[in-house]
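# Structure at a glance
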Amino acid sequence: MKIGIDKIGFATSQYVLQMDDLAQSRGADPEKFSKGLLLNALSISPITDDIITLGASAADSILTEEDRASIDMVIVATESSVDQSKAAAVYVHSLLGIQPFARSVEMKEACYSATAALDYARLHVDKHPEAKVLVIASDIAKYGAETPGESTQGAGSVAMLITQNPHILELNDNTLAQTRDIMDFWRPNYSTTPYVNGMYSTKQYLDMLKTTWLEYQKRFETSLTDFAAFCFHLPFPKLALKGFNKIMDKSLPAELQEKLQENFENSILYSKQIGNIYTGSLFLGLLSLLENSQNLVAGDQIAFFSYGSGAVAEIFTGKLVEGFQNQLKASRLRELKERIVLSVEEYEKIFFEEAVLDEAGNASFANYKTGPFALKEIREHQRIYGKVND
Ligand code: HMG
(Lines give C-alpha, C1' and ligand atoms only; values in the text may rest on other atoms or scores of the structure.)
Protein backbone atom coordinates (compact mmCIF):
# COMPACT_ATOMS: atom_id res chain seq x y z
CA MET A 1 0.00 0.00 0.00
CA LYS A 2 1.22 3.54 -0.75
CA ILE A 3 1.25 5.60 2.45
CA GLY A 4 2.65 9.07 3.05
CA ILE A 5 2.15 12.82 3.31
CA ASP A 6 -1.15 13.80 1.77
CA LYS A 7 -1.10 17.43 2.92
CA ILE A 8 1.38 19.66 4.69
CA GLY A 9 0.71 22.96 6.46
CA PHE A 10 2.78 25.43 8.44
CA ALA A 11 2.25 28.16 11.01
CA THR A 12 4.63 30.50 12.76
CA SER A 13 4.23 33.44 15.10
CA GLN A 14 3.25 36.94 14.00
CA TYR A 15 6.39 38.58 15.41
CA VAL A 16 9.97 38.51 14.19
CA LEU A 17 13.43 39.51 15.39
CA GLN A 18 15.93 40.54 12.71
CA MET A 19 19.38 38.99 13.19
CA ASP A 20 21.08 42.29 12.32
CA ASP A 21 19.30 43.95 15.26
CA LEU A 22 20.33 41.10 17.56
CA ALA A 23 23.93 41.35 16.35
CA GLN A 24 24.03 45.07 16.98
CA SER A 25 22.60 44.70 20.47
CA ARG A 26 24.98 41.84 21.40
CA GLY A 27 28.05 43.54 19.93
CA ALA A 28 28.49 40.79 17.31
CA ASP A 29 29.43 41.14 13.66
CA PRO A 30 26.13 40.76 11.68
CA GLU A 31 27.96 38.43 9.29
CA LYS A 32 28.51 35.98 12.13
CA PHE A 33 24.76 35.32 11.94
CA SER A 34 24.07 35.90 8.22
CA LYS A 35 27.12 33.96 6.99
CA GLY A 36 28.34 32.02 10.05
CA LEU A 37 24.89 30.54 10.84
CA LEU A 38 23.00 31.41 7.59
CA LEU A 39 20.21 33.02 9.61
CA ASN A 40 18.43 36.30 8.77
CA ALA A 41 15.52 36.37 11.25
CA LEU A 42 13.87 34.45 14.09
CA SER A 43 10.14 33.98 14.69
CA ILE A 44 9.23 35.17 18.18
CA SER A 45 6.04 33.95 19.83
CA PRO A 46 4.14 35.75 22.61
CA ILE A 47 2.76 33.88 25.63
CA THR A 48 -0.65 33.54 23.95
CA ASP A 49 0.74 31.71 20.89
CA ASP A 50 2.19 28.42 22.14
CA ILE A 51 2.74 24.94 20.67
CA ILE A 52 -1.01 24.27 20.81
CA THR A 53 -2.21 27.40 19.01
CA LEU A 54 0.60 27.16 16.44
CA GLY A 55 -0.06 23.45 15.91
CA ALA A 56 -3.79 24.01 15.51
CA SER A 57 -3.16 26.88 13.06
CA ALA A 58 -0.80 24.76 10.95
CA ALA A 59 -3.37 21.96 10.76
CA ASP A 60 -6.36 24.28 10.29
CA SER A 61 -4.72 25.63 7.13
CA ILE A 62 -4.89 22.20 5.40
CA LEU A 63 -7.89 20.32 6.79
CA THR A 64 -11.28 20.05 5.11
CA GLU A 65 -14.51 19.19 6.94
CA GLU A 66 -14.21 15.68 5.49
CA ASP A 67 -10.70 15.34 6.99
CA ARG A 68 -11.98 16.45 10.41
CA ALA A 69 -14.71 13.85 10.21
CA SER A 70 -12.30 11.03 9.36
CA ILE A 71 -9.02 11.67 11.23
CA ASP A 72 -8.73 8.93 13.86
CA MET A 73 -5.37 9.79 15.39
CA VAL A 74 -3.70 13.07 16.34
CA ILE A 75 -0.03 13.06 17.36
CA VAL A 76 1.75 16.18 18.55
CA ALA A 77 5.52 15.82 18.60
CA THR A 78 7.12 18.45 20.82
CA GLU A 79 9.81 19.21 23.34
CA SER A 80 8.23 22.46 24.55
CA SER A 81 5.16 20.92 26.07
CA VAL A 82 2.79 22.95 28.25
CA ASP A 83 1.72 20.09 30.53
CA GLN A 84 3.40 17.01 32.00
CA SER A 85 0.20 14.93 31.82
CA LYS A 86 -2.36 16.17 29.33
CA ALA A 87 -1.23 15.76 25.73
CA ALA A 88 -1.12 18.85 23.52
CA ALA A 89 -2.90 16.69 20.94
CA VAL A 90 -6.04 16.65 23.09
CA TYR A 91 -6.29 20.46 23.02
CA VAL A 92 -5.55 20.48 19.29
CA HIS A 93 -8.15 17.79 18.62
CA SER A 94 -10.74 19.96 20.33
CA LEU A 95 -9.72 23.26 18.65
CA LEU A 96 -9.88 21.63 15.22
CA GLY A 97 -13.27 19.98 15.76
CA ILE A 98 -12.00 16.48 14.94
CA GLN A 99 -14.54 13.66 15.35
CA PRO A 100 -14.48 12.20 18.90
CA PHE A 101 -13.48 8.58 18.20
CA ALA A 102 -9.81 9.41 17.75
CA ARG A 103 -6.60 8.69 19.67
CA SER A 104 -4.66 11.81 20.73
CA VAL A 105 -1.12 11.59 22.11
CA GLU A 106 2.08 13.56 22.52
CA MET A 107 5.54 12.21 21.62
CA LYS A 108 8.98 13.31 22.78
CA GLU A 109 12.64 12.83 21.90
CA ALA A 110 14.02 16.31 21.32
CA CYS A 111 13.82 17.31 17.64
CA TYR A 112 13.49 13.70 16.46
CA SER A 113 10.02 12.74 17.68
CA ALA A 114 8.01 13.92 14.65
CA THR A 115 9.88 11.30 12.63
CA ALA A 116 8.82 8.62 15.13
CA ALA A 117 5.29 10.03 14.86
CA LEU A 118 5.40 9.57 11.08
CA ASP A 119 6.51 5.95 11.58
CA TYR A 120 3.63 5.33 13.98
CA ALA A 121 1.17 7.02 11.63
CA ARG A 122 2.36 4.91 8.73
CA LEU A 123 1.97 1.66 10.66
CA HIS A 124 -1.52 2.73 11.74
CA VAL A 125 -2.62 3.45 8.16
CA ASP A 126 -1.04 0.20 7.00
CA LYS A 127 -3.28 -1.66 9.44
CA HIS A 128 -6.36 0.54 8.86
CA PRO A 129 -6.24 1.72 5.22
CA GLU A 130 -9.10 4.22 5.56
CA ALA A 131 -7.47 5.95 8.53
CA LYS A 132 -6.12 9.50 8.41
CA VAL A 133 -3.50 10.52 10.95
CA LEU A 134 -2.71 14.13 11.78
CA VAL A 135 0.95 14.52 12.77
CA ILE A 136 1.91 17.91 14.15
CA ALA A 137 5.48 18.94 14.96
CA SER A 138 5.24 22.00 17.17
CA ASP A 139 7.89 23.80 19.19
CA ILE A 140 9.11 27.06 20.58
CA ALA A 141 12.91 27.06 20.76
CA LYS A 142 14.04 29.27 23.65
CA TYR A 143 17.63 29.33 24.86
CA GLY A 144 17.47 32.59 26.85
CA ALA A 145 18.71 36.14 26.28
CA GLU A 146 22.46 36.56 25.88
CA THR A 147 23.16 32.80 25.83
CA PRO A 148 25.28 31.16 23.09
CA GLY A 149 22.14 29.53 21.67
CA GLU A 150 20.17 32.81 21.55
CA SER A 151 20.86 33.27 17.84
CA THR A 152 19.30 29.86 17.04
CA GLN A 153 15.86 30.30 18.63
CA GLY A 154 12.52 30.27 16.79
CA ALA A 155 8.87 29.18 16.87
CA GLY A 156 6.63 27.25 14.53
CA SER A 157 4.62 24.15 13.65
CA VAL A 158 4.33 21.83 10.71
CA ALA A 159 1.19 19.73 10.31
CA MET A 160 1.06 16.67 8.05
CA LEU A 161 -1.89 14.51 7.12
CA ILE A 162 -0.79 10.89 6.67
CA THR A 163 -3.03 8.72 4.48
CA GLN A 164 -2.98 5.98 1.91
CA ASN A 165 -2.53 7.13 -1.70
CA PRO A 166 -1.05 10.46 -0.55
CA HIS A 167 -0.98 13.52 -2.80
CA ILE A 168 2.53 14.77 -1.93
CA LEU A 169 5.06 12.15 -0.84
CA GLU A 170 4.97 8.36 -0.54
CA LEU A 171 7.11 7.20 2.37
CA ASN A 172 9.40 4.28 1.56
CA ASP A 173 9.76 1.36 3.95
CA ASN A 174 13.52 1.69 4.27
CA THR A 175 14.35 3.63 7.43
CA LEU A 176 17.37 3.43 9.72
CA ALA A 177 17.62 4.94 13.19
CA GLN A 178 20.58 5.32 15.53
CA THR A 179 20.56 6.01 19.29
CA ARG A 180 23.46 7.41 21.34
CA ASP A 181 23.24 8.27 25.02
CA ILE A 182 24.92 11.70 25.01
CA MET A 183 24.46 15.04 26.77
CA ASP A 184 24.62 17.55 23.93
CA PHE A 185 21.34 19.35 24.68
CA TRP A 186 18.77 18.60 27.37
CA ARG A 187 16.15 20.38 29.46
CA PRO A 188 15.43 19.09 32.96
CA ASN A 189 11.87 19.53 34.26
CA TYR A 190 12.92 22.40 36.53
CA SER A 191 14.34 24.54 33.75
CA THR A 192 12.49 26.65 31.16
CA THR A 193 15.55 26.68 28.88
CA PRO A 194 17.89 23.89 27.78
CA TYR A 195 21.42 23.13 28.85
CA VAL A 196 23.60 22.93 25.77
CA ASN A 197 27.10 21.79 24.86
CA GLY A 198 26.93 23.74 21.62
CA MET A 199 30.09 22.70 19.79
CA TYR A 200 29.76 19.10 20.97
CA SER A 201 26.15 19.03 19.72
CA THR A 202 27.22 20.11 16.24
CA LYS A 203 29.92 17.40 16.15
CA GLN A 204 27.42 14.75 17.25
CA TYR A 205 24.88 15.89 14.65
CA LEU A 206 27.49 15.55 11.89
CA ASP A 207 28.83 12.22 13.14
CA MET A 208 25.34 10.73 13.51
CA LEU A 209 24.65 11.88 9.95
CA LYS A 210 27.86 10.36 8.58
CA THR A 211 27.54 7.01 10.36
CA THR A 212 23.79 6.57 9.78
CA TRP A 213 24.11 7.48 6.10
CA LEU A 214 27.02 5.07 5.58
CA GLU A 215 25.07 2.21 7.18
CA TYR A 216 21.88 3.21 5.34
CA GLN A 217 23.64 3.00 1.97
CA LYS A 218 25.10 -0.40 2.86
CA ARG A 219 21.86 -1.91 4.18
CA PHE A 220 19.62 -0.68 1.40
CA GLU A 221 22.14 -0.77 -1.46
CA THR A 222 21.58 2.84 -2.38
CA SER A 223 23.63 6.02 -2.83
CA LEU A 224 23.20 9.73 -3.44
CA THR A 225 22.69 9.07 -7.16
CA ASP A 226 19.22 7.71 -6.31
CA PHE A 227 18.06 11.04 -4.84
CA ALA A 228 17.02 14.43 -6.19
CA ALA A 229 17.26 16.16 -2.80
CA PHE A 230 18.41 15.59 0.77
CA CYS A 231 16.57 17.37 3.60
CA PHE A 232 18.22 17.84 6.99
CA HIS A 233 17.17 18.70 10.50
CA LEU A 234 17.78 22.46 10.59
CA PRO A 235 18.88 23.74 14.03
CA PHE A 236 20.43 26.51 11.92
CA PRO A 237 21.01 26.25 8.17
CA LYS A 238 24.82 26.45 8.31
CA LEU A 239 25.03 23.15 10.20
CA ALA A 240 22.86 21.47 7.58
CA LEU A 241 25.17 22.90 4.89
CA LYS A 242 28.10 21.26 6.68
CA GLY A 243 26.09 18.02 6.73
CA PHE A 244 25.31 18.37 3.04
CA ASN A 245 29.01 18.88 2.26
CA LYS A 246 29.88 15.85 4.37
CA ILE A 247 27.66 13.48 2.41
CA MET A 248 28.28 15.03 -1.01
CA ASP A 249 30.14 12.63 -3.28
CA LYS A 250 32.47 14.74 -5.40
CA SER A 251 32.75 11.96 -7.97
CA LEU A 252 29.08 12.34 -8.94
CA PRO A 253 28.31 13.92 -12.33
CA ALA A 254 28.52 17.73 -12.04
CA GLU A 255 24.90 18.07 -13.14
CA LEU A 256 23.63 15.93 -10.26
CA GLN A 257 25.85 17.72 -7.77
CA GLU A 258 24.42 21.05 -8.97
CA LYS A 259 20.85 19.77 -8.71
CA LEU A 260 21.40 18.51 -5.15
CA GLN A 261 23.10 21.79 -4.21
CA GLU A 262 20.26 23.88 -5.70
CA ASN A 263 17.67 21.79 -3.88
CA PHE A 264 19.60 22.10 -0.63
CA GLU A 265 19.56 25.93 -1.00
CA ASN A 266 15.78 25.79 -1.55
CA SER A 267 15.29 23.59 1.52
CA ILE A 268 16.81 26.20 3.87
CA LEU A 269 15.00 29.31 2.60
CA TYR A 270 12.22 29.25 5.25
CA SER A 271 14.53 28.29 8.09
CA LYS A 272 16.71 31.31 7.37
CA GLN A 273 13.70 33.52 8.16
CA ILE A 274 12.29 31.51 11.08
CA GLY A 275 15.13 29.90 13.06
CA ASN A 276 14.97 26.54 14.81
CA ILE A 277 11.53 25.05 15.32
CA TYR A 278 12.95 21.82 16.79
CA THR A 279 10.59 18.92 15.84
CA GLY A 280 9.22 20.73 12.80
CA SER A 281 12.46 22.00 11.31
CA LEU A 282 13.19 18.97 9.10
CA PHE A 283 9.66 19.16 7.68
CA LEU A 284 9.89 22.92 7.27
CA GLY A 285 12.91 22.09 5.12
CA LEU A 286 10.77 19.74 3.02
CA LEU A 287 8.07 22.41 2.64
CA SER A 288 10.65 25.02 1.67
CA LEU A 289 12.16 22.63 -0.87
CA LEU A 290 8.83 21.70 -2.45
CA GLU A 291 7.54 25.28 -2.61
CA ASN A 292 10.72 26.78 -4.06
CA SER A 293 12.47 24.17 -6.18
CA GLN A 294 11.97 24.43 -9.95
CA ASN A 295 13.59 21.11 -10.82
CA LEU A 296 11.61 18.48 -8.89
CA VAL A 297 9.25 16.11 -10.70
CA ALA A 298 6.94 13.29 -9.69
CA GLY A 299 8.92 10.11 -9.06
CA ASP A 300 11.91 11.99 -7.60
CA GLN A 301 13.26 10.40 -4.43
CA ILE A 302 14.01 12.61 -1.42
CA ALA A 303 16.18 11.58 1.56
CA PHE A 304 15.70 12.93 5.08
CA PHE A 305 18.07 13.18 8.05
CA SER A 306 16.21 13.57 11.33
CA TYR A 307 18.23 14.40 14.47
CA GLY A 308 17.12 14.90 18.06
CA SER A 309 19.60 15.65 20.80
CA GLY A 310 20.21 13.11 23.47
CA ALA A 311 20.41 11.59 20.79
CA VAL A 312 18.33 9.77 18.18
CA ALA A 313 18.82 10.12 14.45
CA GLU A 314 17.00 8.53 11.53
CA ILE A 315 17.37 8.47 7.79
CA PHE A 316 14.24 7.82 5.79
CA THR A 317 13.17 8.48 2.23
CA GLY A 318 10.12 9.21 0.13
CA LYS A 319 8.96 9.56 -3.46
CA LEU A 320 7.18 12.59 -4.90
CA VAL A 321 3.71 11.89 -6.22
CA GLU A 322 2.14 13.09 -9.49
CA GLY A 323 0.51 16.51 -8.91
CA PHE A 324 2.37 17.22 -5.62
CA GLN A 325 2.69 20.87 -6.72
CA ASN A 326 -1.10 21.34 -6.37
CA GLN A 327 -0.89 20.90 -2.58
CA LEU A 328 1.56 23.79 -2.05
CA LYS A 329 1.52 27.52 -1.51
CA ALA A 330 3.54 30.07 -3.45
CA SER A 331 3.08 33.00 -1.08
CA ARG A 332 4.90 31.73 2.03
CA LEU A 333 8.02 33.96 1.83
CA ARG A 334 5.87 37.03 1.18
CA GLU A 335 3.67 36.21 4.19
CA LEU A 336 6.75 35.87 6.41
CA LYS A 337 7.61 39.48 5.50
CA GLU A 338 4.30 40.56 7.06
CA ARG A 339 5.39 39.60 10.62
CA ILE A 340 5.69 42.47 13.09
CA VAL A 341 9.34 43.43 13.61
CA LEU A 342 10.33 43.60 17.29
CA SER A 343 13.17 45.59 18.80
CA VAL A 344 15.60 43.52 20.88
CA GLU A 345 14.07 45.04 24.02
CA GLU A 346 10.54 44.03 22.92
CA TYR A 347 11.72 40.53 21.99
CA GLU A 348 13.29 40.04 25.43
CA LYS A 349 10.04 41.07 27.10
CA ILE A 350 7.66 39.11 24.85
CA PHE A 351 9.54 35.86 24.24
CA PHE A 352 10.46 35.20 27.86
CA GLU A 353 7.22 36.34 29.50
CA GLU A 354 5.93 33.82 32.06
CA ALA A 355 2.33 33.59 33.29
CA VAL A 356 1.82 35.34 36.63
CA LEU A 357 -0.81 33.32 38.48
CA ASP A 358 -2.91 34.66 41.35
CA GLU A 359 -3.60 32.51 44.42
CA ALA A 360 -6.50 30.74 42.68
CA GLY A 361 -4.38 29.89 39.63
CA ASN A 362 -5.76 32.54 37.29
CA ALA A 363 -3.78 34.59 34.79
CA SER A 364 -4.73 36.96 32.01
CA PHE A 365 -2.60 38.21 29.14
CA ALA A 366 -2.09 41.29 26.98
CA ASN A 367 -3.73 41.21 23.58
CA TYR A 368 -0.93 39.93 21.33
CA LYS A 369 -1.38 39.17 17.65
CA THR A 370 -1.68 35.43 16.91
CA GLY A 371 -2.99 33.22 14.12
CA PRO A 372 -6.59 31.92 14.21
CA PHE A 373 -6.19 30.45 17.74
CA ALA A 374 -4.93 31.91 21.02
CA LEU A 375 -4.36 31.00 24.65
CA LYS A 376 -7.05 33.26 26.13
CA GLU A 377 -6.38 32.91 29.84
CA ILE A 378 -5.43 30.49 32.59
CA ARG A 379 -8.40 29.78 34.85
CA GLU A 380 -7.86 27.79 38.03
CA HIS A 381 -4.65 26.36 36.51
CA GLN A 382 -6.50 25.32 33.32
CA ARG A 383 -5.29 26.66 30.00
CA ILE A 384 -8.25 28.10 28.07
CA TYR A 385 -7.79 28.17 24.31
CA GLY A 386 -10.12 29.43 21.64
CA LYS A 387 -10.59 31.02 18.26
CA VAL A 388 -9.34 34.59 18.23
CA ASN A 389 -12.66 36.08 17.15
CA ASP A 390 -14.92 34.09 19.52
P1 HMG B 1 28.51 30.58 18.57
O2 HMG B 1 29.39 30.78 19.71
O3 HMG B 1 27.38 31.51 18.36
O4 HMG B 1 29.23 30.68 17.21
O5 HMG B 1 27.94 29.12 18.67
P6 HMG B 1 30.70 30.30 16.65
O7 HMG B 1 31.75 31.14 17.29
O8 HMG B 1 30.88 28.84 16.62
O9 HMG B 1 30.44 30.82 15.17
C10 HMG B 1 29.45 30.26 14.40
C11 HMG B 1 29.93 30.28 12.96
O12 HMG B 1 30.04 31.66 12.56
C13 HMG B 1 31.33 29.70 12.74
O14 HMG B 1 31.30 29.08 11.49
C15 HMG B 1 32.22 30.92 12.69
O16 HMG B 1 33.43 30.73 11.98
C17 HMG B 1 31.32 31.90 11.99
P18 HMG B 1 32.04 27.64 11.30
O19 HMG B 1 33.46 27.86 11.65
O20 HMG B 1 31.35 26.72 12.25
O21 HMG B 1 31.76 27.33 9.87
N22 HMG B 1 31.65 33.31 12.21
C23 HMG B 1 31.61 34.23 11.24
N24 HMG B 1 31.33 34.15 9.93
C25 HMG B 1 31.37 35.30 9.19
N26 HMG B 1 31.71 36.52 9.74
C27 HMG B 1 32.03 36.64 11.03
C28 HMG B 1 31.98 35.46 11.84
N29 HMG B 1 32.19 35.23 13.16
C30 HMG B 1 31.98 33.90 13.37
N31 HMG B 1 32.35 37.82 11.53
C32 HMG B 1 26.38 27.37 18.31
C33 HMG B 1 27.22 28.46 17.65
C34 HMG B 1 25.70 26.56 17.24
C35 HMG B 1 27.28 26.43 19.11
C36 HMG B 1 25.33 28.02 19.24
O37 HMG B 1 24.51 28.85 18.50
C38 HMG B 1 24.48 27.00 19.98
O39 HMG B 1 24.88 26.48 21.01
N40 HMG B 1 23.24 26.71 19.44
C41 HMG B 1 22.35 25.72 20.03
C42 HMG B 1 22.79 24.29 19.81
C43 HMG B 1 22.60 23.83 18.38
O44 HMG B 1 21.88 24.41 17.61
N45 HMG B 1 23.25 22.70 18.04
C46 HMG B 1 23.08 22.08 16.75
C47 HMG B 1 23.27 20.56 16.80
S48 HMG B 1 22.20 19.83 18.03
C49 HMG B 1 20.66 19.77 17.26
O50 HMG B 1 20.56 19.93 16.08
C51 HMG B 1 19.48 19.52 18.13
C52 HMG B 1 18.69 20.74 18.51
O53 HMG B 1 17.87 21.16 17.43
C54 HMG B 1 17.83 20.43 19.74
C55 HMG B 1 16.98 19.19 19.74
O56 HMG B 1 17.26 18.18 19.16
O57 HMG B 1 16.01 19.25 20.49
C58 HMG B 1 19.56 21.94 18.88
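Residues numbered from 1 in each chain as written. Predicted model: local features only at pLDDT ≥ 70, side-chain atom pairs only at ≥ 80, totals over all residues. Heavy atoms only, no water.

### Comments concerning the UniProt feature "binding site: (3S)-3-hydroxy-3-methylglutaryl-CoA" (unreviewed entry) in the protein
Sequence positions flagged by UniProt for "binding site: (3S)-3-hydroxy-3-methylglutaryl-CoA" (unreviewed entry) are, in local numbering, Asp-29, Tyr-143, Lys-242 and Asn-276. In this structure, the second largest pocket is lined, among the annotated residues mentioned, by Tyr-143, Lys-242 and Asn-276. Turning to its location among the elements, Asp-29 is positioned in the loop between α1 (19–26) and α2 (30–37). You can call Asp-29 partly exposed: its relative accessible area is 49%. (UniProt positions renumbered as here; feature names shortened; annotations may be inferred. 1 Å grid on protein atoms, 1.4 Å probe; cavity = no way out; pocket = protein on both sides within 12 Å on 5 of 7 lines; lining within 4 Å. Helix = DSSP H or I, 4+ residues; strand = E, 2+ residues; numbered from the N terminus. Buried < 20%, exposed > 50% of the residue type's maximum accessible area, 1.4 Å probe, protein only.)

### Brief notes about the site of the ligand
Around the ligand, a shell composed of 30 residues is seen, among which Glu-79, Cys-111, Ser-201, Lys-242 and Ser-309 lie nearest. At a separation of 3.3 Å, a nitrogen atom of the ligand approaches a polar side-chain atom of Thr-152. His-233 has a polar side-chain atom sitting 2.9 Å from an oxygen atom of the ligand. Here the ligand has 1,100 Å² of accessible area as a free molecule, and 75% of this is covered by the chains. Of the pockets mapped on this structure, the ligand occupies the second largest pocket. At the level of secondary structure, the elements contributing two or more residues to the shell around the ligand comprise α2, α7 (198–220), α8 (237–247) and β12 (301–308). The biggest single contributor to the shell around the ligand is α7, with five residues. By residue class, the composition of the shell around the ligand is 13 nonpolar, eleven polar and six charged. Residue assignment places the shell around the ligand across two domains, with domain 1 (3–170 + 330–387) and domain 2 (172–322) each supplying three or more. (Near = heavy atom within 4 Å. Polar contact = N/O pair within 3.5 Å; in protein donor to acceptor, adjacent residues only side chain to side chain. Areas by Shrake-Rupley, 256 points an atom, 1.4 Å probe, with all protein chains shown as cover. Sits in = over half its atoms within 2 Å of the grid points. Nonpolar A, V, L, I, M, F, W, Y, C, P; charged D, E, K, R; others polar. Domains from an automatic or database assignment.)

### Comments concerning the packing of aromatic side chains
Considering all chains together, one arrives at 20 aromatic pairs under this definition. Taking 6.1 Å as the distance between ring centres and 65 degrees as the angle between the ring planes, the aromatic pair formed by Trp-213 and Phe-227 counts as edge-to-face. One end of the pair, Trp-213, is in helix α7; the other, Phe-227, is in the loop between α7 and β11 (229–232), with 14 residues separating them in the sequence. In terms of burial, Trp-213 and Phe-227 fall into one category: buried. Ring geometry for Phe-230 against Phe-232: centres 4.9 Å apart, planes inclined by 20 degrees, an arrangement best described as stacked. Look at Phe-230 and you get buried, because its relative accessible area is 2%. Among the aromatic residues, those joined into a cluster by ring pairs are Trp-213, Tyr-216, Phe-220, Phe-227, Phe-230, Phe-232, Phe-244 and Phe-264. Between the NZ or CZ atom of Lys-142 and the centre of the ring of Phe-351, over which it lies, the distance is 5.3 Å. (Phe/Tyr/Trp six-rings, centres within 6.5 Å; stacked < 30°, edge-to-face > 60°. Lys NZ or Arg CZ within 6 Å of the ring centre and 35° of its normal.)

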